[in-house]
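Take a look at the letters that make up each chain.
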Amino acid sequence: MSENLQEEPQKEVQNGFHEFKLNKQLLEAVSKVGYQTPTPIQQKAIPLILAGHDVLGIAQTGTGKTAAYLLPLLMKVKYPQGMHPRALILAPTRELAIQIYQELQKLAVYTGIRAACVYGGLGPKIQKQIIANGIDIIIGTPGRILELYFDGTLYLRDIQTMVLDEADRMMDMGFMPQIRQLLEVLPTKKRQNLLFSATFPEKVERLSEEFLEFPMRVEIAPQSTPADTIEQYVYYIPNFQTKLNTLTHLIQFEEFKKVIIFTKNKTQANHIAQTIEKMFGSVRLIHSNKGQNTRIHAIEAFKEGNIRFLVSTDVAARGIDVQDVSHVINFDVPLVYEDYVHRIGRTGRAFKNGIAITFCNEAEKYHLRKIEKIIKMRIPVLSLPAEVQIEETPFEEAQEIAREIDRQKRKENPDYQGAFHEKKKTRKRKNKQKKQRHK
Ligand code: AMP
């Protein structure tokens, strides 16, 4: 971090982190942020990374995985030195990059280590300036890192440690070509590689084979299992308007202290945010059309507790690290099933309890079953509170739901002709008969 952030360590206090071979500056920072006990991923990964192994970490967000790699990484980087970064951390989204940077700032506070966080969406001028002043660690999204490498701003030949965080998301977002390009330009000699991923599908397994050398694997929760600290529920709700009624009914209660509402697209996100704003006032909205600064400010305001409600599309879901989120509400069932785990991972972070509630209409039940398969549990269904006004499903929405159910049936059974198909066929036949009659 920049020198003016460097502070003198205070009196050392013993805590669970003293069993690791970390230096005084880091132990002191850990006490300062208030971590008492290492989380399971930290327990397992820190000694292995300190010993110099390549590590494959399967751990979800909320398990403390960031500090699990940052602490040994900071131990290795040790102090500010030279001009060029010696460690590179790649993250799939700007929000996650910022979150890693913030955690690093906290943990590096007594070390003087300099870091920069770079991502697209913002002009590179300030980022370039920070890099030009000399840095020890670079954090960023793959595209921007490559850009800065190609234009000569970033010198990457001194990189000795590389971290891929949320590798599964990185694959989903199509970053593989950029990662490959980066791997080609990085020095391979004596480089330590760390790969963290919430899930471990085949594509991540293939990447880990390419990227890691004799890795030690540490796995925390079984694959895709949401942290135990999260209570999950589902409401079956027939349509959008009734979902909105349910939402506004629920969030009027005080226990809904800090709520993130996820929804599938920008239009719905806007609609939901407007409704909340009318009824409750404090709300912020983040999605990809919002400028980067607006997104950062929205997350900050929510973090600091100035607003109770944050409405978000999936784009931003991964990077949000906010303490004490009381509830995550999935306004609709995520169609990228792993997103469910990421979305609800916003609550129940590190030892805290959270509640995740999913709204599910008739067409979404199909996807809910698939998610239940992945998380290996049945999500308990709650009955709609009596006060919630159940609305008629408008014709267009009903059609859309029926069409979607048709699609699902066809997907499961290619021979299935479907209600719509039937109707179309009958209509065609009738038209033909009509024409013939007219001849
Ligand atoms: P992560 O899984 O890295 O996103 O971390 C989730 C949250 O847990 C972050 O807000 C961290 O600040 C916090 N955290 C990390 N390690 C610990 C720990 N040992 N004790 C308490 N909180 C922690």
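As the structure is a prediction and not an experimental result, all values here were calculated from the model.

Draft legend 1. A look at the overall build of the protein chain. Each helix and strand in the protein chain was counted, giving 16 helices and 14 strands. Within the protein chain, residue pairs in contact and separated by at least 24 positions form 75% of the contacts whose partners lie at least 6 positions apart. Summed over all atoms, the accessible surface of the protein chain reaches about 20,900 Å², with 51% contributed by carbon and sulfur.

Draft legend 2. Region of the structure containing the sheet that holds strand β3 (residues 115–118). Pairing within the open sheet is parallel, and its 7 strands lie in the order β3-β4-β2-β5-β6-β1-β7. One side of each edge strand has no neighbouring strand; the edge strands of this open sheet are β3 and β7 (216–219). Going across the sheet, the axis of each strand differs from the next one's by a mean of 10 degrees, ignoring polarity. Where strand β2 (residues 87–90) lies against strand β4 (residues 137–140), 4 bridges are found, and the strand directions are parallel. Paired with L90 across the bridge in β4 is G140. In this fold helix α6 (residues 142–150) packs onto β2, β3 and β4, with an angle of close to 130 degrees to the strand it touches most, β4.

Draft legend 3. Region of interest: the sheet that holds strand β13 (residues 354–360). Read from one edge of the open sheet, 7 strands run β10-β11-β9-β12-β13-β8-β14, paired in parallel fashion. What marks the edges here is a single partner per strand, and that holds for β10 (283–286) and β14 (381–382). Bridging between strand β12 (residues 327–330) and β13 involves 4 bridges; their strand directions are parallel. From the neighbouring strand, H327 faces β13, where its bridge partner is I355.

Draft legend 4. Highlighting the packing of aromatic side chains. Summed over the entire model, instances satisfying the criterion amount to 8 aromatic pairs. Clustering of aromatic rings is evident, with ring pairs tying together Y235, F240, F331 and F359. Cation over ring: K258 sits above F302, and NZ or CZ is 5.8 Å from the ring centre. When the ring centre of Y236 is taken as origin, the NZ or CZ atom of K365, which lies over that ring, is 4.2 Å away.

Draft legend 5. View of the packing of α6 against helix α8 (residues 176–185). At a minimum axis distance of 9 Å, the contact between α6 and α8 shows a crossing angle of 40 degrees. Judged on the interaxial angle alone, α8 and α6 are oblique. For the pair α6 and α8, the sense of crossing is left-handed. Taking contact as the criterion, the partners of P142, G143, I145, L146, Y149 and F150 in α6 are, on α8, Q178, Q181, L182 and V185. Partitioned by chemical class, the residues of the contact of α6 with α8 number 7 nonpolar, 3 polar and no charged.

Draft legend 6. Fine view of unusual backbone geometry. Even without being a glycine, K78 presents a positive backbone phi close to 65 degrees. Counting through the fold element by element, K78 comes out in the loop between α3 (65–77) and β2. Residue classification places K78 among the partly exposed residues on the basis of a relative accessible area of 42%. One non-glycine residue, F214, lies in positive phi territory at about 40 degrees.

Draft legend 7. The arrangement of helix α13 (residues 337–344) in detail. In terms of burial, α13 is a largely internal element, 7 of the 8 residues being buried. Within the span of α13, buried status applies to Y337, D339, Y340, V341, H342, R343 and I344. Of the surrounding elements, those touching the buried residues of α13 are α7 (167–172), β8 (230–236), β9 (259–262), β12, β13 and α14 (365–375).

Parameters at a glance
- Residues numbered from 1 in each chain as written.
- Predicted model: local features only at pLDDT ≥ 70, side-chain atom pairs only at ≥ 80, totals over all residues.
- Heavy atoms only, no water.
- Helix = DSSP H or I, 4+ residues; strand = E, 2+ residues; numbered from the N terminus.
- Contact = heavy atoms within 4.5 Å.
- Areas by Shrake-Rupley, 256 points an atom, 1.4 Å probe, with all protein chains shown as cover.
- Pairing = 2+ DSSP bridges.
- Axes fitted to C-alpha atoms, helices over the stretch in contact; angles between N-to-C directions.
- Phe/Tyr/Trp six-rings, centres within 6.5 Å; stacked < 30°, edge-to-face > 60°.
- Lys NZ or Arg CZ within 6 Å of the ring centre and 35° of its normal.
- Parallel < 35°, antiparallel > 145°, perpendicular 65-115°, else oblique.
- Left-handed = near helix turned anticlockwise from the far one by under 90°.
- Nonpolar A, V, L, I, M, F, W, Y, C, P; charged D, E, K, R; others polar.
- Buried < 20%, exposed > 50% of the residue type's maximum accessible area, 1.4 Å probe, protein only.

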